[in-house]
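Residues per chain, in single letters:
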Amino acid sequence: MIGVVVVSHSKRAAEGIVEVAAEMGGDTPVEAAGGDGQSGIGTVPDDIEAALAAADDGDGVVVLVDLGSAVMNTEVVIETGDTEAVIADGPVLEGAVNAAVAATSPTATLESVREQAEAARAVDKL
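Residues numbered from 1 in each chain as written. Predicted model: local features only at pLDDT ≥ 70, side-chain atom pairs only at ≥ 80, totals over all residues. Heavy atoms only, no water.

Enquirer: Even after reading the chapter, I still don't get the pattern of salt bridges, so can you show me in this structure?
Expert: Two side chains with opposite charge may pair up if their charged atoms get near one another. Applying the stated criterion to the full structure yields three salt bridges. Here Asp 89 makes a salt bridge to Arg 121, at a shortest N to O gap of 3.5 Å. Here the residue Asp 89 occupies a position in the loop between strand 4 (85-88) and helix 4 (92-102), and Arg 121 occupies one in the segment after helix 5 (110-119), the gap between them amounting to 32 residues. Of the residues examined, Arg 121 reaches a relative accessible area of 52% and is grouped as exposed. In this structure, Arg 114 engages Glu 111 in a salt bridge whose closest nitrogen and oxygen atoms are separated by 2.6 Å. (Salt bridge = Lys/Arg side-chain N within 4 Å of Asp/Glu carboxyl O. Helix = DSSP H or I, 4+ residues; strand = E, 2+ residues; numbered from the N terminus. Buried < 20%, exposed > 50% of the residue type's maximum accessible area, 1.4 Å probe, protein only.)

Enquirer: Looking at this model, I keep getting lost on a nonpolar patch on the surface. Mind explaining?
Expert: A contiguous nonpolar surface patch, about 320 Å² in accessible area, is contributed by Val 20, Met 24, Leu 93 and Val 101. Secondary-structure assignment places Val 101 in helix 4. (Patch = residues over 30% accessible without salt bridge, like charges linked within 9 Å, V, L, I, M, F, W, Y side chains within 5 Å. Areas by Shrake-Rupley, 256 points an atom, 1.4 Å probe, with all protein chains shown as cover.)

See the structure below:
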């Protein structure tokens, strides 16, 4: 099954988004990586790597990120790590929910789950 990771500068934001996505995604592994490791704002590559490993059951991971260094640190971890992962260019909350739901499909692929996460950009809220 494809996993989902949420990387945010805020640990609480990442955990809250994961809570919502996991509720909608059934058995989809959904993990959070957020904060600077010292109760502050930031991202830590080791935490991202641990979240990717926890979410990966061998089929890969789709990652949703919030801002600049979350993207940069995630890219570095993906390039240097062992987990097959892709970053989805979509809204973090809506994209994570879409990805978690899409990952429940028995025919889900890394690309199809990323596409669903990115499709959340076009969702009207009103």
